Each structure stands twice: as C-alpha cells, then as structure tokens.
Amino acid sequence: MSRRLIFILSTFLLALPVAQAQPTYSKEVSRILQEKCQMCHRPNDIAPMPLLTYDDAQLWMDDIKRVVSDKIMPPWKPVPGFGEFRDSYGLSDAERQTLISWVNAGAPMGDPSEIPPATAPTGDWQLGDPDLIVQMTESYTPPRGGDMYRCFVVTNPFDQAMNVRAVDVLPGNRPIVHHVIMYIDEKGASANLSGKDGSPGYTCFGGPGFDIDSINAMLGGWAPGTLPRYLPDGIGVQIPKGARLVMQVHYFPQLKTGEDVTKVGLYFAKAPIEKRLFYIPVVNTRFKIPPGDPQNVVNATFDVPPFADLKIVQIFPHMHLLGKKINVELTPRGRSKQPLIFIDDWDFKYQGFYNYKDQIPVASGSSVRVTCTFDNSANNPRNPNDPLKEVGWGEGTQDEMCLSFFGVTFDFESLLRL
Ligand code: HEC
C-alpha cells in the first residue's frame, strides 16, 4: 500500500469518531423536540405527556425510539417530495437517526449550558388577541369512549361582510378535541338542525351537515400541530353579510370525557383585500366500494375552466375511515404532471390544512386529479362496518368521501381595481 493511501486511510479513520459524534440532549435532541414534537407534547395539549425537559425525554426514551423508528411519531402525513409545505413537523432521516442513536447511547445529557431557550407556545392565542372570538353558546360533553362530530352554530354579529386573514382555535378541553373546521352557512341551512336531540348543536360528520353548494362555504380549520398563520398579504376569506358560522368539532374522548366550550379566534384584514380565498372542493360522489375489497381506487378530477387562471394557496385532502392513501396531482396545460400532495398512511385523526411554501400557479385548461385508495376489508382495523358492506359517498361515519379542498385565489379578481 502506498504511503499516500495509508495517509488518506488513517485520516479517514481518525475522522470517523468525529463524524459519528454521539448526539446529546443539550445539543441535538432538545432542538429536534422543540421543532418537531413540543407543539403537541406540552402540558394541556393533545399529546398524553409533555416532552419539554431532559427528564421528560429520558423518562420516555424507549417509547421515543419505538415511535420514531416505526414512523408513528410525529404524525406529519405528507410524504416528502410531493409538494413543499410551510411548517412541516416531519422528521428528516438524519433527525430520526439522531434520536435513535441518542437512545441507544443511554440518553446522554451533554453540556447543560448548550440547551436552547424554551420555545413551546405558552399563551392561549399564538397570534395575539383575536379581533373576534366566537364560541359555542353552551358547554357540550361528548359521550366517553366515542369518536364523534358535533356542529355548533355561531351567529355572525356583523352587519357587513368581513374579511378573515387568520383563524385560530382554542379547544375548551384539549385532550378530547381532535380537530375543528369552520364553515360559512350563507343561506341559514343550519338553523333547523340545532338542538333537535336535546343537546347543544347537532351531529355531523365529514362536513357541516348540510349541502355545500358554494366555493365560499369554508372559513378554515385547525388540527393538532397546526400553527395559525396569516394568509398571504392582500388575501382573505370573506364572510358574507348576515351569514352564520358553523363550528364542526371532532371529539375523541377515548379514556375520559368532560365539558367543552371551544373558542375560535378570527383575525380580520385591517386594509381592503385584493383577492378572496375560495375553497374549491374536488370530489367524486358516485363511487361504490365493494365489501371486502382491500384496495379500491377512486378518482376525482377537476378541469380548470377557461379564463379562470388561479393560484393554489393551501390544500385539505379528506377521506373517512376506510381511506389508506390519497394522492393529488396537477397536470398543467401542455406540460407533465406535478405532485401536489401524497399521503400514504391516511389517518382520519390527523388531518390538516397544508400551506404551500410558494403559491402554485394553475392555468385554465389544466386539470387536477385526486386519487383515493380505500381498504374495505375486515383487515382494516378502522373499518366501522361489521358485517362488511358496500360503502359510498355520504356524511355518516360509515360512509366515505374522496375529496380535496383547494384554497385558491383567482388571477382575474382584483377587488382593489375600480
Ligand atoms: C401533531 C401532534 C403531535 C406531534 C407533532 C408529536 N406527537 Fe407524539 N403523540 C401525539 C398524540 C396525540 C399521542 C397519543 C397517541 C395517539 O393518540 O396517537 C402521541 C403519543 C406519543 C408517544 C407515546 C406513544 C405510545 O404508544 O405510548 C410518544 C413516545 C411520542 N408521541 C413521541 C413523539 C415525538 C418524539 C415527537 C417528535 C419527534 C412527537 N411525538 C410529535 C401527538 C403528537
């Protein structure tokens, strides 16, 4: 062996221990927990235990290793490489490996002076005090052990249209509130639904409990881990004059239940907006999934009509309990396909409004395709139907949906132009 080669080899070997330096809590692990875990693992939030301190992390080290190795945690669903989103709390392979190596090494603390200052949100409203707080008018206690959806009507006290730039949700009872979606009820369809079963609100699932026949029927939503964000400058969701707001709350009181009064904070645009954000649903309502079929594929497509160039700001894919995968692709006019989002292990418990890092321009003549894969076999532990049955579109827990909402603005709209 030449001297030169020996020299290179020995420097390489000497360098190895440095390259594989043992991760410590103070240096690497604390920072990963801050960015990817603590939005849920803090006191009084949806996760069962906090992961805020060394003692927390050390106590849970074996479980941390298991859940990150099995990719159960964190529950960030979009597969990397299919659309680029702001605020991802998914782990990179390197971060996952760091956590595992740290546990394998016995969870070393490192130098405590290197621990970064705390960042976990502590205040109620992450964007500061809202301009308006709407809330349930009475408290509601969902039945224990259940998995249920309840809609509550909130009256809009404004006598003019309002433009909303951000929505934040303050669950009244965090351990049992799993997600919240706000709907705009322009025609008052919800008025006849409330209180019929003797409890506040009404039961609903997968939607507001009435037909959505407008692209201005959704105001926004919240799922655990979602950080409230202002829409880009000049964009707002418009609540028409006199409209009602309907709050859909998903309760998941598995171990214990309790009273809930969930509040929603609205942040209004302070200046006139240039564009409204609309939610376009791309749906297939005519499918039938045969009983026992472990892999049933359903498509929904949307062709962008003439003169309707638009920009996609956010996306909200949606299926119910039989959903396994959802894939959304854009075929721009005359160009090849572009992935918008892909979720390969759909979990109804963790859905989200995903905001694109950069708004996605879509020319008229382009098409969007949503591909849903369902498992209607007995092997699907979430299958709500026993005995198995044919399943189609519907609002019930035992029905399905293949749907994606697109939060878009239209290029032709300019509310500021006179
Ligand atoms: C979006 C919210 C959220 C984020 C982010 C999150 N978790 Fe969790 N975590 C939960 C919830 C909720 C549970 C309870 C189990 C369930 O309901 O799925 C949980 C449970 C756990 C458990 C216990 C699991 C068990 O089976 O006993 C561990 C350990 C854990 N999380 C670690 C982590 C780590 C490490 C991270 C960051 C890398 C993280 N989680 C990020 C919400 C979250």
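Conventions we followed
Residues numbered from 1 in each chain as written. Predicted model: local features only at pLDDT ≥ 70, side-chain atom pairs only at ≥ 80, totals over all residues. Heavy atoms only, no water. Pairing = 2+ DSSP bridges. Helix = DSSP H or I, 4+ residues; strand = E, 2+ residues; numbered from the N terminus. Axes fitted to C-alpha atoms, helices over the stretch in contact; angles between N-to-C directions. Parallel < 35°, antiparallel > 145°, perpendicular 65-115°, else oblique. Left-handed = near helix turned anticlockwise from the far one by under 90°. Contact = heavy atoms within 4.5 Å. Nonpolar A, V, L, I, M, F, W, Y, C, P; charged D, E, K, R; others polar. Expected span 1.5 Å × (residues − 1). Buried < 20%, exposed > 50% of the residue type's maximum accessible area, 1.4 Å probe, protein only. Donors = N, O, S within 2.8 Å, 3.2 Å for Na, K, Ca; no water. Tetrahedral: all angles 85-135°; square planar, octahedral: opposite > 155°, others 65-115°. Domains from an automatic or database assignment. Buried area = accessible area lost by both parts, 1.4 Å probe. Salt bridge = Lys/Arg side-chain N within 4 Å of Asp/Glu carboxyl O. Polar contact = N/O pair within 3.5 Å; in protein donor to acceptor, adjacent residues only side chain to side chain. Phe/Tyr/Trp six-rings, centres within 6.5 Å; stacked < 30°, edge-to-face > 60°. Disulfide = S-S within 2.5 Å.

Novice: Would you explain the sheet that holds strand E11 (residues 278–283) in this entry?
Specialist: Strand order in this open sheet of four strands is E11-E20-E14-E17, and the pairing throughout is antiparallel. A single partner strand is all that each edge strand has here, and the edge strands are E11 and strand E17 (354–362). Within this sheet the neighbouring strands show an average axis-to-axis angle of 35°, counted without direction. Inspection of the sheet shows strand E14 (residues 310–318) paired to strand E20 (residues 403–410) by eight bridges, in the antiparallel sense. Each bridged residue has a counterpart across the sheet, and for leucine 310 the counterpart in E20 is phenylalanine 410.

Novice: What am I meant to see in the packing of helix H2 (residues 25–36) against helix H5 (residues 93–104) here?
Specialist: Helix-helix packing: each pair is described by the crossing angle between the helix axes and the interaxial distance. Following both chains from N to C, one finds H2 and H5 inclined at 130°, their axes separated by 10 Å at the closest point. The angle between the axes of H2 and H5 places the two elements in the oblique class. The hand of the H2/H5 crossing is left-handed. Two secondary-structure elements touch here, H2 through Tyr25, Glu28, Val29, Ile32 and Lys36 and H5 through Glu95, Thr98, Leu99 and Trp102. In the contact of H2 with H5, the residues fall into five nonpolar, one polar and three charged.

Novice: I'm lost on H5 in this one. Help?
Specialist: Counting along an α-helix, one turn takes 3.6 residues, and residues three or four places apart therefore face a common direction. A rise of 1.5 Å per residue sets the reference length of H5, with its 12 residues, at 16 Å; its end C-alpha atoms lie 16 Å apart and thus fit the reference within 8%. Among all positions in H5, only Glu95, Arg96, Thr98, Leu99, Ile100, Trp102 and Val103 are buried. In this structure, the buried residues of H5 make contact with H2, helix H3 (54–59) and helix H4 (61–69). Once H5 finishes, glycine 106 follows within two positions and takes phi at roughly 90°, a positive value.

Novice: Before we go on, may I ask you to explain the coordination of the iron atom of the ligand in this structure?
Specialist: For a metal bound by four donors in tetrahedral geometry, the ideal donor-metal-donor angle is 109.5 degrees, whereas six donors in octahedral geometry ideally sit at 90 or 180 degrees. The protein atoms that coordinate the iron atom of the ligand are His41 (NE2) and Met73 (SD), at distances spanning 2.0 to 2.3 Å. The coordination sphere of the iron atom of the ligand comprises six donor atoms, whose angles at the metal cover 83 to 179°; the geometry is octahedral. One end of the pair, histidine 41, is in the loop between H2 and H3; the other, methionine 73, is in the loop between H4 and H5, with 32 residues separating them in the sequence.

Novice: Just checking my understanding: could you explain the domain arrangement of the protein chain for this structure?
Specialist: It is common to give the size of an interface as the accessible area lost on bringing the parts into contact. Structurally, the protein chain comprises domain 1 (22–114), domain 2 (132–273) and domain 3 (278–410). Spacing between the C-alpha centres of domain 1 and domain 3 amounts to 30 Å. Listed by partner, the interface residues are 13 residues for domain 1 and 14 residues for domain 3. Among the residues domain 1 hides against domain 3, the three largest losses belong to Lys77, Phe82 and Phe85. Together they make up 45% of the total. Counting every contact that joins domain 1 to domain 3 gives two salt bridges. In this structure, the salt-bridge partner of lysine 357 is glutamate 84, at a minimum N-O distance of 3.3 Å. Taken together, the connections running from domain 1 to domain 3 amount to four residue pairs in polar contact (both at pLDDT 80 or more). Partitioning the side of domain 1 that touches domain 3 into residue classes produces eight nonpolar, two polar and three charged.

Novice: Is there a simple way to think about the packing of aromatic side chains in this case?
Specialist: The geometry of two aromatic rings is summed up by the distance between their centres and the angle between their planes. With the rule as written, the count across this model stands at 20 aromatic pairs. Aromatic pair tyrosine 25 and tryptophan 102: ring centres 6.4 Å apart, planes at 40°, arrangement tilted. Placement of the pair is tyrosine 25 in helix H2 and tryptophan 102 in helix H5, with a sequence separation of 77 residues. With relative accessibility at 1%, the residue tryptophan 102 sits in the buried group. Consider the rings of phenylalanine 85 and tyrosine 356, whose centres lie 4.8 Å apart with planes at 35°: the pair is tilted. In this pair, phenylalanine 85 sits in the loop between H4 and H5 while tyrosine 356 sits in strand E17, placing the two residues 271 residues apart along the sequence. The pair phenylalanine 85 / tyrosine 356 is uniform in exposure class, with both members buried.

Novice: So what exactly am I meant to see when it comes to the state of the cysteines here?
Specialist: Disulfides are covalent bonds that connect the sulfur atoms of two cysteines. Scanning the model with the defined rule gives two disulfides in all. What pairs with cysteine 151 in a disulfide is cysteine 204, and their sulfur atoms sit 2.1 Å apart. Around the S-S axis, the bridge from cysteine 151 to cysteine 204 shows a dihedral of about 95° and counts as right-handed. Separated by 53 residues along the polypeptide, cysteine 151 in strand E2 (residues 148–155) and cysteine 204 in the loop between strand E5 (202–203) and strand E6 (218–222) bring together distant segments of the chain. Judged by its relative accessible area of 0%, cysteine 151 is buried.

Novice: What's the story with the environment of methionine 109 in this structure? I'm lost.
Specialist: By the element assignment, methionine 109 lies in the loop between H5 and strand E1 (132–135). For methionine 109, a relative accessible area of 25% puts it in the partly exposed group. With 266 residues separating them along the chain, methionine 109 and aspartate 375 place their C-alpha atoms 44 Å apart. Once residues within four sequence positions are removed from consideration, methionine 109 is found in contact with Thr24, Tyr25, Ser26, Tyr54 and Ile115.

Novice: Is there a simple way to explain the side chain of threonine 262 in this structure?
Specialist: Along the chain, the position of threonine 262 falls in the loop between strand E8 (244–251) and strand E9 (263–268). Exposure remark for threonine 262: the relative accessible area of 0% places this residue in the buried category. Looking at threonine 262, its side chain comes within polar contact range of the main-chain nitrogen of glycine 172, at 3.2 Å. Engagement of the side chain of threonine 262 in a polar contact is seen with the side chain of aspartate 260, the distance being 2.9 Å. Threonine 262 has contacts with Val134, Gln135, Met136, Val169, Leu170, Pro171, Gly172, Val177, Val180 and Met247, leaving out every residue within four places of it along the chain.

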